[in-house]
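Given next are the chains, with one letter for each unit.
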Amino acid sequence: MAVDEHLMHALVQAARAARERAYAPYSKFLVGAALLDDHGRLHAGCNIENAAYPQSQCAEASAIAHLVLTGSRRILAAAVVGVAEEPVTPCGGCRQRLREFADETMPIWVADLQIVRAHYTLGQLLPASFGPSHLG
Ligand code: THU
């Protein structure tokens, strides 16, 4: 499936909508993520914090849970939306989570509420990564 600009913008919009649902009463830092799977379906997620802070979950992890639940094992593209001075890129842990279901060419678009701030491939954000193939 070709991942064109139109699809990427649809992903960004889905991530913006998901961000509106974020539960982040402690950090007040709302994040939305959206993933495109190999069936052309979109899966969105938001961060979900917890009073026991380390139990909080990132937006990307929420979106991955939805993708897996619907039977997919493949992420073709991702969008992450947050509002900060710097573009809100996936945290290190989430780069590895994405790697489980995506290869190094997978595009990641990082946006705020108005514009796409940056785009990367997963390989740029997680070079020389460890992945499922290492386990044979
Ligand atoms: N957060 C995400 O949801 N995704 C990221 O990749 C960066 C960080 C969330 C976790 C926490 O709820 C809040 O942002 C502040 O770190």
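Just above, that's the structure.
It should be emphasised that the depicted structure is a prediction, and the values quoted were computed from it without experimental measurement.

Caption draft 1: Highlighting the nonpolar core. Judged by nonpolar contacts, the single largest core of 20 residues is most densely connected at Leu35, Ile64, Ile75, Leu98, Met106, Ile108 and Leu122. Where this core is concerned, the elements lending two or more residues are strand S1 (32-37), helix H2 (59-69), strand S3 (75-81), strand S4 (107-111) and helix H4 (122-125). Among the elements that make up this core, the one with the highest residue count is H2 (4 residues). In this view, Ile75 contacts Leu35, Leu36, Ile64, Leu67, Leu98, Phe101, Ala102 and Met106; residues no more than four positions away in its chain are not counted. In this structure, Leu7, Met8, Ala14 and Val81 belong to the second largest nonpolar core, which totals 13 residues.

Caption draft 2: Structural context of the packing of aromatic side chains. All told, the structure shown has 1 aromatic pair when counted by the stated rule. Here Tyr26 and Tyr53 contribute two aromatic rings whose centre-to-centre distance is 5.4 Å and whose plane-to-plane angle is 45°, an arrangement assigned as tilted. On the criterion of sequence distance, the pair formed by Tyr26 in the loop between helix H1 (5-19) and S1 and Tyr53 in the loop between strand S2 (42-46) and H2 is long-range, its members being 27 residues apart. On the basis of relative accessible area, Tyr53 is assigned to the exposed category, the value being 57%.

Caption draft 3: Region of the structure containing the environment of Asp37. For Asp37, the location among the structural elements is in strand S1. According to the relative accessible area criterion, Asp37 is buried, its value standing at 0%. Along the chain, Asp37 and Gly131 lie 94 residues apart, while their C-alpha atoms are 18 Å from each other. Those residues within four positions of Asp37 in sequence are excluded, and the remaining contacts are Met1, His43, Leu67, Thr70, Ser72, Arg74 and Leu76. Within the structure, Asp37 has its side chain in polar contact with the backbone nitrogen of Gly40 (distance 3.1 Å). Of note is the side chain of Asp37, whose polar atom sits 2.8 Å from the side chain of His43.

Caption draft 4: The arrangement of the pairing of S1 in detail. Counting buried residues along S1, 6 of its 6 residues qualify, which places the element largely inside the surrounding structure. Residues Gly32, Ala34 and Leu36 point to one face of S1 and Ala33, Leu35 and Asp37 to the other, with burial holding for every one of them. Of the pairings in the sheet, the one linking S1 to S2 comprises 5 bridges and is antiparallel in character. Each residue of the ladder has a partner; that of Leu36, found in S2, is Leu42. Counting the residues between successive antiparallel strands, the hairpin from S1 to S2 contains 4 residues, one of them, Gly40, with a positive phi of roughly 80°. Of the strand pairs in this sheet, S1 and S3 are connected by 6 bridges, and their pairing is antiparallel. Within S3, the residue paired with Ala34 across the bridge is Ala79.

Thresholds applied
Residues numbered from 1 in each chain as written. Predicted model: local features only at pLDDT ≥ 70, side-chain atom pairs only at ≥ 80, totals over all residues. Heavy atoms only, no water. Core = buried A, V, L, I, M, F, W, Y, C linked by side-chain atoms within 4.5 Å. Buried < 20%, exposed > 50% of the residue type's maximum accessible area, 1.4 Å probe, protein only. Helix = DSSP H or I, 4+ residues; strand = E, 2+ residues; numbered from the N terminus. Contact = heavy atoms within 4.5 Å. Phe/Tyr/Trp six-rings, centres within 6.5 Å; stacked < 30°, edge-to-face > 60°. Polar contact = N/O pair within 3.5 Å; in protein donor to acceptor, adjacent residues only side chain to side chain. Pairing = 2+ DSSP bridges.

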